[in-house]
Amino acid sequence: MSKIVLKNVTLDYPVFGVDDLSFKKSFMTKTVGGIINNDLKKRVFVRAIDNISLNINDGEKIGIYGSNGSGKSSLLRLIAGIFEPTFGEVIVEGSINSLLSISFGLEDHLSGIENIKFRLKLKNLNSNTQNKLLNKIVDFVNLGNFLYLPVKTYSSGMRLRLAFALAILVQANIILMDEWLSVGDENFNKLAQIKIQKLIKDSSIFIICSQDKQILETICDKIIILDKGKILYEK
Amino acid sequence: MIKILAESILNYKLWFAWAWNDILQRYRRSILGPFWITISSATVILCLGFIYSSMLNVPLENYIPWLGVGLILWYFFSSIIIEGTNLFTEHEGLMKEIRINYLIFIFRVLIRNVIILFHNMIIIACIILYFDIGLNFNILLFIPGIILCSISAFAVIGICGIICARYRDVSHIITNFTQLLFFLTPIIWKPNLIEGRKLLIVDFNPLFYFLNIVRNPLINLEVGLISWVVSLIITILLIVIFFIFFYLYRKKIVFWL
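Here the structure is a predicted model, which means the values were calculated and not measured. (Residues numbered from 1 in each chain as written. Chains lettered and ligands numbered in written order. Predicted model: local features only at pLDDT ≥ 70, side-chain atom pairs only at ≥ 80, totals over all residues. Heavy atoms only, no water.)

**Considerations on the overall build of chain A**
What counts is decided by this rule: Runs of E in the DSSP output that reach at least two residues are strands. Runs of H or I that reach at least four are helices, and both are numbered from the N terminus. Note on exposure labels: buried denotes an accessible area under 20% of the residue type's maximum, exposed denotes more than 50%, and partly exposed covers the range between, all computed with a 1.4 Å probe on protein chains only. Whether two residues are in contact is decided by their heavy atoms, any of which lying within 4.5 Å being enough. Here, Shrake-Rupley sampling with a 1.4 Å probe gives the accessible areas, and only protein chains in the shown set may cover a residue.
Helices and strands together make up the secondary structure of chain A, namely seven helices and ten strands. The buried share of chain A, taken over its 235 residues, is 49%. When contacts within chain A are restricted to residue pairs at least 6 apart in sequence, long-range pairs at least 24 apart make up 74% of them. Counting only carbon and sulfur atoms, one obtains 51% of the accessible surface of chain A, whose full area is about 11500 Å².

**Section: the overall build of chain B**
Operational definition: The charged-residue count follows a simple rule in which Lys and Arg add positive charge and Asp and Glu add negative charge, with His and chain termini not counted at all. Where a charge lies is defined by one atom per residue type: Lys uses NZ, Arg uses CZ, Asp uses CG and Glu uses CD.
A tally of regular secondary structure across chain B gives 13 helices and zero strands. Secondary structure of chain B in N-to-C order comes out as α-α-α-α-α-α-α-α-α-α-α-α-α. In terms of its C-alpha atoms, chain B occupies a principal-axis envelope of roughly 55 × 50 × 35 Å. Of the contacts formed within chain B by residues at least 6 apart in sequence, a portion of 75% connects residues at least 24 apart. Of the roughly 12800 Å² that chain B leaves accessible, carbon and sulfur atoms contribute 70%. Positive and negative side-chain charges of chain B, numbering 18 and 12 respectively, have mean locations separated by a distance of 10 Å.

**A closer look at the state of the cysteines**
Covalent bonding between the sulfur atoms of two cysteines defines a disulfide. The test is simple: The disulfide criterion is simple: two cysteine sulfur atoms within 2.5 Å.
Under the counting rule described, the total for this entry stands at zero disulfides over all chains. Here Cys 209 of chain A is not disulfide-linked; the sulfur of Cys 220 of chain A is the nearest cysteine sulfur, at 9.7 Å. A disulfide-free cysteine, Cys 164 of chain B has its sulfur positioned 5.7 Å from the sulfur of Cys 160 of chain B, the nearest such atom.

**Side note on the side chain of Ser 204 of chain A**
Residue and element names in this part refer to chain A. Among the secondary structure elements, Ser 204 is positioned in the loop between helix H6 (186-202) and strand S8 (205-210). On the accessibility criterion, Ser 204 (17% relative accessible area) is buried. In this structure, Ser 204 is in contact with Ser 2, Asp 58, Gly 59, Glu 60, Lys 61 and Asn 173, ignoring residues within four places of it in sequence.

**Observations concerning the domain arrangement of chain A**
Residue and element names in this part refer to chain A. Note the following rule: Note that domain bounds follow an automatic or database assignment of domains. By buried area we mean how much accessible surface two parts lose on assembly, using a 1.4 Å probe and totalling the loss over both. For this analysis, a salt bridge means a side-chain nitrogen from Lys or Arg found within 4 Å of a carboxyl oxygen belonging to Asp or Glu. Polar contact is defined as a pair of N or O atoms within 3.5 Å, subject to the rule that within protein one atom must be able to donate a hydrogen and the other to accept it, and that residues adjacent in sequence are counted only when both atoms are side-chain atoms. Just so you know the grouping, Ala, Val, Leu, Ile, Met, Phe, Trp, Tyr, Cys and Pro go in nonpolar, Asp, Glu, Lys and Arg go in charged, and all remaining residues, Gly too, go in polar.
On domain assignment, one finds that chain A holds domain 1 (3-94 + 209-234) and domain 2 (112-203). Listed per partner, the contact involves 16 residues of domain 1 and ten residues of domain 2. Summed over both sides, the interface between domain 1 and domain 2 buries roughly 1000 Å², with carbon and sulfur atoms accounting for 62% of that surface. Among the residues of domain 1 in contact with domain 2, Lys 61, Leu 76 and Ile 219 are the three that bury the most area, contributing 42% of the side total. Viewed at the interface, domain 2 and domain 1 are joined by zero salt bridges. Our count for the contact surface shared by domain 1 and domain 2 stands at three residue pairs in polar contact (both at pLDDT 80 or more). Elements with a minimum of two residues in the side of domain 1 that touches domain 2: helix H2 (72-80), strand S5 (87-93), S8 and helix H7 (213-219). In terms of residue count, H2 provides more of the side of domain 1 that touches domain 2 than any other element does, six residues in total. In terms of residue class, the side of domain 1 that touches domain 2 is made up of eight nonpolar, four polar and four charged.

**A short note on the sheet that holds strand S4 (residues 61-65) of chain A**
All names here are of chain A. In plain terms, the rule: If DSSP finds at least two bridges between two strands, the strands pair. Angles shown run from 0 to 180 degrees and are taken between the N-to-C directions of axes, each axis being a line fitted to C-alpha atoms and, for helices, limited to the stretch in contact.
Read across the sheet, six strands follow the order S6-S7-S8-S4-S9-S10 without closing on themselves; strand pairing throughout is mixed. With partners counted over all chains shown, the strands left at the sheet margins are strand S6 (96-99) and strand S10 (230-234), one partner each. Averaged over neighbouring strand pairs, the angle between their axes works out to 20° when direction is ignored. Sheet topology places strand S7 (residues 174-178) next to S8; five bridges connect them, and they run parallel. Following the sheet pairing, Asp 178 is matched in S8 by Cys 209.

**Remarks on the side chain of Glu 60 of chain A**
Residues and elements named next belong to chain A. The topology assignment puts Glu 60 in the loop between strand S3 (44-57) and S4. Buried charge Glu 60 goes without a salt bridge, the closest partner of opposite sign being Lys 222 at 4.0 Å. When neighbours within four sequence positions are excluded, Glu 60 is seen to be in contact with Asn 55, Ser 204, Ile 205, Phe 206, Asp 221 and Lys 222.

As structure tokens, this is what we get:
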């Protein structure tokens, strides 16, 4: 049984190299999401998530909708455990796979195959499972000999394929996706769409952020609208 | 904290493979590969050995073992400090994309430097054999010496990494200071060459004690209890400081990148 619970969660990003808030910055806060502020020591921070409480239970497919800077990605990173909340508590039960950006932390100087191997080692799986997954990923990305070249030589589409395969082919209970449904060229995109559909079906909890409400309404059974780090609406 | 440390240790296959791969990457497409490290170190030791032994008027057979082992250990210490300053910036991409135990990064940097140190051990073996340094069981004392140095190195990498992730100027300060530290540490000179108050630069130099516990057993010199005690105290202090820093700031590091 997977579960995600957020209790009065607030997330502040400290901003360095900015001494104080200027009029321009104050104006900027009106035009984009998030709240730029000072703390007691006059340090500048952006309040990305503002006192959110949330319960997500097994079987739920959640869509998070909001404008730029509304806190969608920050919320996913909190759930993924990449960020720790400034205040409040995040409780996650179940393994997580997150597809948060196209770079996916790939190391440019390593080859595709080395990136796959290191990522699988990171999962702490036994060597038998690692080998099986390695073969599965190699088949899926279909990059041929490019897999043996450094990732820095890849086109953006090839990088996407690799990152996507790494993110989805290792089984997890909770899947987090950040505006990432179109992958690589037409053929691979079709394959990826099938995989994504299967992923959504197989996962215990699925959360996706998007600015496309239509996609969210098709995939998800619950939509959360975020604005300036607060939940504006849930349906 | 213990859970985080245990989890990172259990992931030894990852950081060892990562460290080994880092070295292979550095020497990719070269014929001799990582042995370039050994060759370049040996060249420096020979050149400096001949020049400084005559400048300082010290017999070559006394000077080369002192310089050789000292310089090889210095490479280890200085790389640890300098690579520690880039610890988190080097792993920024990963830290922002997946949940990962940060201690794994420290092990990666530590182990790649230990591997380089062991490559250079070939030179030390050659020095011991060529200069016919009397071999006895005391030589084995270098093993606990290296272990103590590595534990300290773990803490130094972590402390430098945390401070330099927050304050970017510090990495430049540390890099410059490390260059100065080379001349302040008895590597190309021997402590008996200076006297009086100038000896304070030896007495208050922690690296001197760490050098002693590894270098002296290898070149058949007495280590002295004081070196072991000081090294042990510094190691404990560094580990305590590191874990306090890590406990206080580990949640914030990702925001500093």
